[in-house]
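Descriptive structure summary
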Amino acid sequence: MPKTTRLAPLVVVAATLATQHAFAHAVAGARIFVNTNLIDDPGVSDEANLPLISLQSPDGKSWVTDANVEYDKTITPALGFGVGTDYDWIANDQTDFRKSHGGFDDPYVQLKYRWFLSPEHEFISSVAVTQSFGRAGTTNIESGFDTTTVSGYFGKGFGDIPFDPIRPFAITGELDYNMPNTGPSRGGSITTWSGGLTLQYSIPYLQSQIKDYGLPNILANLTPLVELGWTSAAGNSIMRPTDNPTTFLLGTGAVWTGRYYAISAEVLWPLNGAAGHNIGAIGQFHLYFDDLMPNTLGKPISQW
Amino acid sequence: MVTAMRWTHWLLPAMLCMASPAFAHAFLQRASPPVGSELPVSPSAVTITYTEGVEPDFSTIEVRNAQGARVDKADPHLLGGDQTKLSVSLPKLPPGQYTVTWHVTSVDTHKTEGRFNFSVTP
């Protein structure tokens, strides 16, 4: 079997994970859009995920563990940048770790701009450009090609709908167009679409806006959510379509939001064979610098 | 050794930043009357306790009846000097549903807002 064919599922998973950049939280009126795991949230803020860890099996035999770290900094209240990278560990044989290998994936930088905010309608939208650097990581882990990604984000809370049972809900979405810009390399250079949707139920919103049930903190700060992540090839491929198949991945879990940090955990459910062959997991520890250090790192550079 | 010294140069200011007083967005922690509550008698005030201190000069609480008319006494003030407790006085309210809308600026200038209802039963 050609090496590229054997690596194809891993490349797909790596490409999926590589699109999961920038996990800032966002506020629109009374709504807090929590940091999500499969897609970015629609806000710009001073935050970091330290780390975001996922565990998936792309082929039912090997397991890929991805640890992403990222730091996001505001330049103005609506404009920010982020830097990050991933460390991947691929265990090809669970009984023999000598067959495992690991290393750094493509590092990336991102510029993100929140172009629309409606506190009254709990609506927020941003756009971003992300540049990843393909040959700056570890051989056999990094993609081998640079990629420019143009992204759009939105978040909408249902708090302005006059029907209390659905007011704690919110949806967020992301759409990316990923453009490799250093030519074909190692059979992985192809333009792709990626993105996803989330449905969130905010218990903090329920408690503070609709009905205080006197829940204990561990429940009162919880936001259960469902995420759908997706990738697919775009345009003509120089490769066989089976080398870049469409993937659908479902995440179900919750985010616990504290004053200065958030913790999240989700179960990952591959919805088709190309997205994996076993149930996986994803979670993160997330710091809010705008609340943790509001007079230093947490303040936009324009206000220093 | 050199590497360790370089780290300490960064670590010390970082630890000082962590140790300095930190303030965050002011979100509603609890309210009196409670969010979504039904009261047998008219409350004398609406008091909101926030997760962080707020600036009273840049913070408001408005209470409106079901017809949208403002019914509070427009006197937002800190309760007992506690910067986390903002209160507004009320006249005796007739039975009905009331909407509380608040906008606050926390002591570190973060702005937050919210809205909730309570009702006075006949």
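Right above here is the structure, for reference.
Here goes a summary of the coordinates provided. (Residues numbered from 1 in each chain as written. Chains lettered and ligands numbered in written order. Predicted model: local features only at pLDDT ≥ 70, side-chain atom pairs only at ≥ 80, totals over all residues.)

Points about helix α2 (residues 203-210) of chain A
In terms of burial, α2 of chain A is a largely internal element, six of the eight residues being buried. Among the residues making up α2 of chain A, those that are buried are Pro-204, Tyr-205, Leu-206, Gln-207, Ser-208 and Gln-209 of chain A. Tucked into the core, α2 of chain A has its buried residues touching β2 (31-33), α3 (217-220) and β13 (247-257) of chain A together with β1 (28-32) and β8 (111-120) of chain B. (Buried ≥ 20, exposed ≤ 12 C-beta atoms within 10 Å, placed from the backbone. Helix = DSSP H or I, 4+ residues; strand = E, 2+ residues; numbered from the N terminus. Contact = placed C-beta atoms within 7 Å.)

Notes on the pairing of strand β12 (residues 222-233) of chain A
Along a regular strand, successive side chains alternate from one face of the sheet to the other. Residues and elements named next belong to chain A. Note: strand β11 (residues 192-201) against β12, nine bridges, orientation antiparallel. Its bridge partner lying in β12, Gln-200 is registered against Leu-225. In this sheet, β13 lies alongside β12 in antiparallel orientation, the contact comprising ten bridges. Its bridge partner being in β13, Leu-222 is matched across the sheet by Trp-256. (Pairing = 2+ DSSP bridges.)

Focus: the sheet that holds strand β7 (residues 96-105) of chain B
In any sheet, the strands associate via hydrogen bonds between backbone groups, in a parallel or an antiparallel arrangement. Residues and elements named next belong to chain B. Pairing in this open sheet of four strands is mixed, and the strands run β2-β8-β7-β4 from one edge to the other. If you trace the sheet from one side to the other, it starts and ends with β2 (38-39) and β4 (60-65), each paired once. Relative to β7, β4 is paired through six bridges, and the arrangement is antiparallel. The partner of Arg-64 across the bridge, within β7, is Thr-99.

Concerning unusual backbone geometry
Residue Pro-51 of chain A follows Leu-50 of chain A across a cis peptide bond; omega there is -5°. Within the element layout of this structure, Pro-51 of chain A appears in strand β3 (residues 47-56). At the junction of Ser-32 of chain B and Pro-33 of chain B, the peptide bond is cis and its omega measures out at 0° in the coordinates. Along the chain, the position of Pro-33 of chain B falls in the loop between β1 and β2. Of note in the backbone geometry, Glu-122 of chain A takes a positive phi value of approximately 50° without being a glycine. Looking at where Glu-122 of chain A falls in the secondary structure, it is placed in the loop between β7 (108-118) and β8 (123-132).

Description of the nonpolar core
By size, the foremost hydrophobic cluster in this structure holds 19 residues, and its most contacted members are Val-46, Ile-48, Tyr-50, Ile-61, Leu-86, Val-100 and Val-104 of chain B. Residue assignment for this core shows that the elements contributing at least two residues are β1, β3 (45-50), β4, β6 (82-89), β7 and β8 of chain B. Sorting elements by how many residues they give to this core places β7 of chain B first, with four residues. When neighbours within four sequence positions are excluded, Tyr-50 of chain B is seen to be in contact with Ala-26, Phe-27, Leu-28, Gln-29, Thr-84, Leu-86 and Val-104 of chain B. In this structure, Val-27, Phe-33, Ala-170 and Val-255 of chain A belong to the second largest nonpolar core, which totals 13 residues. (Core = buried A, V, L, I, M, F, W, Y, C linked by C-beta atoms within 7 Å.)

Quick look at the environment of Ser-232 of chain A
Residues and elements named next belong to chain A. Counting through the fold element by element, Ser-232 comes out in strand β12. Overall, Ser-232 belongs to the partly exposed group, with 15 C-beta atoms counted inside 10 Å. Aside from chain neighbours lying at most four places away, what touches Ser-232 is Thr-192, Trp-193 and Thr-246.

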